[in-house]
There are 2 protein chains.
Amino acid sequence: MSISSRFAVGIHILTLIEFNKDGITSSEFLASSVNTNPAVIRKLMGMLKKAGLIEVHPGIAGAKLTMKLSDITLFDVYKAVNVVQDKELFSIHENPQLSCPVGRNIQNTIEPIFATAQGAMEKVLKNVTLEDVMNDIVAGENIG
Amino acid sequence: MSISSRFAVGIHILTLIEFNKDGITSSEFLASSVNTNPAVIRKLMGMLKKAGLIEVHPGIAGAKLTMKLSDITLFDVYKAVNVVQDKELFSIHENPQLSCPVGRNIQNTIEPIFATAQGAMEKVLKNVTLEDVMNDIVAGENIG
DNA sequence: AAACTTGTAACTAAATTAATTACATGATAT
DNA sequence: ATATCATGTAATTAATTTAGTTACAAGTTT
């Protein structure tokens, strides 16, 4: 199964807020670019706000970033939108048979390997900032 | 969301087949160690067989590995049990608004980043063999 | 033929996702 | 102050996936 598109949409939201920084970026505006329902966007905005990435206020139209794009990594977004919990990218079967040598050791053996694999994936996300994403979008505009 | 425990169970199955190589490793035997239903195990056995990792025959009790543990990586198991498709660890929202600069570039921008992150995770799995897993299980037996 | 095994299909309950609708609450402009 | 518009949030839905369960056909052995 795949990691929720909340992550991709979260990146989209933050990038577009910056792209539209001189205008008002409402949930409806974002929803139209993402092509989804404004309520979906508002739920995500709530998560991004809770993580301290954006500033939004009830009744006041528009969201703003709280930091520079270069200070926000994809890992920050990934954590903000809650798509994968710590050490839970891979699930391990519960209650193996303890009277079996394999059954009683498999969890302890596998867990650190899975954690390492998850960590390697997350490290890539830590090394990409929203500024990198923005630059690529702008380049796509100029070349494509 | 998490990657299916089919992966962890697949590792369990293969390791136990080797551990019990002088005996007969039936789906019922495996199911009791994993603590699940034999039909679940047989379905996984079918996947492992299709991937060429084990040999099983209708009507004949027991499965055997087709290779040495040191020749099977966790990545092989991961692919065999079909838990994550190529370039699909992360899902990306479909149909963003093409009239928006961010909407029309976000997919192309994000895709390679996600592929890199997935690749980093999978690289870890490629660098661990079932022999490593077995050694850790044996060590757990001797120390723990 | 009886007993046992693998291979598979059909069905279930639980969990998650993404979308949708609805509405309370907050802010603002006329 | 009231109409208007935005955010915040809850409830509901359909679709998908998972893991388990039951059942049974087909192959093998004794």
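For clarity, every value in this text was computed on a predicted model and none was experimentally measured. (Residues numbered from 1 in each chain as written. Chains lettered and ligands numbered in written order. Predicted model: local features only at pLDDT ≥ 70, side-chain atom pairs only at ≥ 80, totals over all residues. Heavy atoms only, no water.)

**A look at the protein's contact with DNA strand D**
And then number 1: A:Met1, A:Ser27, B:Ser4, B:Ser5 and B:Thr36 are the nearest of the 23 residues found near DNA strand D.
And then number 2: In the interface set of DNA strand D, defined as its atoms within 4 Å of the protein, sugar plus phosphate atoms amount to 65%.
And then number 3: In this structure, A:Gly62 approaches DNA strand D through a main-chain N or O atom, which is 3.3 Å from a phosphate oxygen.
And then number 4: Looking at the surface near DNA strand D, the elements with two or more residues in it are helix H3 (38-50) and strand S2 (60-65) of chain A together with helix H3 (38-50) of chain B.
And then number 5: For the surface near DNA strand D, the class distribution of residues is 9 nonpolar, 10 polar and 4 charged. (Near = heavy atom within 4 Å. Polar contact = N/O pair within 3.5 Å; in protein donor to acceptor, adjacent residues only side chain to side chain. Helix = DSSP H or I, 4+ residues; strand = E, 2+ residues; numbered from the N terminus. Nonpolar A, V, L, I, M, F, W, Y, C, P; charged D, E, K, R; others polar.)

**Focus on the pairing of strand S1 (residues 54-57) of chain A**
Residue and element names in this part refer to chain A.
And then number 1: Side chains of S1 alternate between two faces, with Ile54 and Val56 buried and Glu55 and His57 left unburied.
And then number 2: Of the pairings in the sheet, the one linking S1 to S2 comprises 3 bridges and is antiparallel in character. Bridged to Glu55 within S2 is Lys64.
And then number 3: A loop of 2 residues connects S1 with S2, the two strands running antiparallel in sequence, and Gly59 in this loop sits at a positive phi of about 85 degrees. (Buried < 20%, exposed > 50% of the residue type's maximum accessible area, 1.4 Å probe, protein only. Pairing = 2+ DSSP bridges.)

**Observations regarding the packing of aromatic side chains**
And then number 1: Inspection of every chain in the model, using the stated rule, returns 10 aromatic pairs over all chains.
And then number 2: Aromatic side chains A:Phe7 and B:Phe90 sit 5.8 Å apart centroid to centroid with 50 degrees between the ring planes, which places their arrangement in the tilted category. Here A:Phe7 is found in helix H1 (residues 6-19), whereas its partner B:Phe90 is found in the loop between helix H4 (74-80) and helix H5 (101-126) on a different chain. Across this residue pair, the class does not change: A:Phe7 and B:Phe90 are buried.
And then number 3: Grouped by ring-pair contacts, the aromatic residues A:Phe7, A:Phe75, A:Tyr78, B:Phe90 and B:Phe114 constitute a single cluster.
And then number 4: Between the NZ or CZ atom of A:Lys126 and the centre of the ring of A:Phe75, over which it lies, the distance is 4.6 Å. (Phe/Tyr/Trp six-rings, centres within 6.5 Å; stacked < 30°, edge-to-face > 60°. Lys NZ or Arg CZ within 6 Å of the ring centre and 35° of its normal.)

**Quick word on the relation of the copies chain A and chain B**
And then number 1: When chain A is fitted onto chain B, the two copies agree to an RMSD of 0.0 Å after a turn of 180 degrees and an axial shift of 0.0 Å. The transformation just described matches what one would write down for a two-fold rotation axis. The rotation axis passes nearest to the C-alpha of A:Met121 in chain A, at a distance of 2.4 Å.
And then number 2: Both copies share a contact surface, since 100% of the interface residues of chain A are interface residues in chain B too. (Least-squares fit on C-alpha atoms with pLDDT ≥ 70 in both. Contact = heavy atoms within 4.5 Å.)

Read these as geometric descriptors, not functional statements.
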